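Here is what each chain is made of, one letter per residue.
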Amino acid sequence: MNSTLLKEQFPILDQEINGHRLVYLDNAATSQKPRAVIEAVKRYYEWENSNVHRGVHTLGSRATDAYEGAREKVARFIGAADTAEIIFTRGTTSALNLVASAYGPSAVSAGDEIVITEMEHHSNLIPWQQLAIRTGATLKYIPMQPDGHIELADAEKTITPATKIVAMNYVSNVLGVVNPVKEIAAIAHRNGAVMVVDGAQSTPHMKINVQDLDCDFYALSGHKMCAPTGIGVLYGKKALLEAMEPIEFGGEMINDVGLYESTWKELPWKFEGGTPIIAGAVGLGAAIDFLESIGMDAIAAHEQQLANYAMDRLASIDGLTLYGPRNRKVGLVTFNLDDIHPHDVATVLDSYGVAVRAGHHCCQPLMRWLKASATARASFYLYNTEEDIDRLVDGLIQTKEYFG
Ligand code: 7TS
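Since we're looking at a predicted model, the values are computed, not measured.

1. Structural notes on the packing of aromatic side chains
Taken as a whole and judged by the stated rule, the model has 8 aromatic pairs. Measuring from ring centre to ring centre gives 5.2 Å for Tyr44 and Tyr45, while their planes differ by 65°; the resulting arrangement is edge-to-face. Arranged with centres 5.4 Å apart and planes meeting at 55°, the rings of Tyr103 and Phe217 form a pair that is tilted. Of the two residues, Tyr103 is situated in helix α4 (residues 92–107) and Phe217 in strand β9 (residues 217–221); the sequence distance between them amounts to 114 residues. Pair check on accessibility: Tyr103 and Phe217 agree, each one buried. A network of ring pairs unites the aromatic residues Phe10, Phe290, Tyr381 and Tyr383 as a single cluster. Lying across the ring of Trp47, Arg62 places its NZ or CZ 3.9 Å from the centre.

2. Comments concerning the sheet that holds strand β17 (residues 375–379)
Strand order in the open sheet formed by 4 strands is β13-β14-β17-β16, with antiparallel pairing between adjacent strands. Unpaired on one side and paired on the other, β13 (320–323) and β16 (357–359) mark the two borders of the sheet. For this sheet, the mean angle separating the axes of adjacent strands, direction not counted, is 30°. Helix α11 (residues 296–315) rests against β13 and β14 (332–337) of the sheet, and its axis sits at about 15° to β14. Sitting on the sheet, helix α14 (residues 386–402) is in contact with β13, β14 and β17, with an inclination near 10° to β14.

3. A look at the sheet that holds strand β4 (residues 86–89)
Reading across the sheet, the 7 strands line up as β4-β10-β9-β8-β7-β5-β6 and stay open at both edges, with mixed pairing between neighbours. The outermost strands of the open sheet, each flanked by one partner alone, are β4 and β6 (138–142). This sheet shows a mean twist of 20° between the axes of neighbouring strands, independent of strand direction. Judged from the 3 bridges that link them, strand β5 (residues 113–117) and strand β7 (residues 163–169) form a sheet pairing that is parallel. Opposite Glu113, over in β7, you have Thr163 as the bridge partner. The sheet contacts of α4 involve β4, β7, β8 (194–198), β9 and β10 (232–236), and relative to β9 the element is tilted by about 155°. Running over the sheet, helix α7 (residues 181–190) touches β7 and β8 and is turned about 155° from β8.

Rules of the game
Residues numbered from 1 in each chain as written. Predicted model: local features only at pLDDT ≥ 70, side-chain atom pairs only at ≥ 80, totals over all residues. Heavy atoms only, no water. Phe/Tyr/Trp six-rings, centres within 6.5 Å; stacked < 30°, edge-to-face > 60°. Helix = DSSP H or I, 4+ residues; strand = E, 2+ residues; numbered from the N terminus. Buried < 20%, exposed > 50% of the residue type's maximum accessible area, 1.4 Å probe, protein only. Lys NZ or Arg CZ within 6 Å of the ring centre and 35° of its normal. Pairing = 2+ DSSP bridges. Axes fitted to C-alpha atoms, helices over the stretch in contact; angles between N-to-C directions. Contact = heavy atoms within 4.5 Å.

Functional significance is not addressed by these values, which are geometric in nature.
So this is what it looks like as structure tokens:
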């Protein structure tokens, strides 16, 4: 894998910011888009655009084929057994909310337990908090080790026969830790609970097989994996999705509408009310083709190498605090520099053309756990190089000098 050559496929990276070549290290927030994806969306609008599942005209079938073709690609990409298990959503947030709203109330009642962790992104925390408040269920947290990883023994202790739902991110967007979701799914199942995996930060960076993980639900966002914004996926096991009622009613999700009662389409369309995100799905399909042409294992290996290089180089900076486990599997590092506010760090880095994110990263409970009000984060992707990390390190040294 040649990241320098790959970079050339991302037009946005070929620019200067504040007089310096752009180094984009905010991939956990959103990734950049390769020409292949931009072209696929353009071609869709120039050649195929129409509404889906309704027109008998030629464009109607082209758009439907493109949309349903993207669903097939997603199903294959994440190892789903059936395209009926792939529901297009706006992203991870709406996918997780769909599970909490459509599955939650039927599965959880007063006295039951929902188990999550303190490292969850707000999108995988608030929906369960709300479900607990509304149903009278208890929200429980699997304890984290001092470096942020989870021990299976703690999961065993926290998950009990009263647990109905276990929800967890596969990869933390702050700690960069890879959670043992397959093993925790097995613990959940032994206790009669379902396992919901937030795959926002895992799907872009490693090979995913939902059947191997044996999770019941899996959520992902297209925009973090080279696809456009506004498209995501909820995977759910067919039997669970079949038993769930839709939460959005309207066009396209119905079978028959009467004055007082209606019936729904079969899966997956009963959860896709209204005109869907057709161009987004087409872009996601193109992003999957692009990622597969490079190979998810190659991407994972490249990122692991970058992350460990970054951890080593950052550790050499005096006054820099690194968060999360030392040994990295995914390309993401979170830190603070002396007592300089991370927003100031990010602002000075931007003046050198280096884009990182600063803030609470939508993980306020985790920030409290880390005893930090905010952190800076550099997150890598397939087009990043060791030279990009050198630029980050140089920028941090300048930042230190700037703040004396
Ligand atoms: N879950 C995790 C673990 C995430 O990192 C994010 C977004 C989401 C869920 C929500 O995804 P969305 O596509 O629905 O917004 N994380 C970040 C981030 O770390 N910086 O910006 C967005």
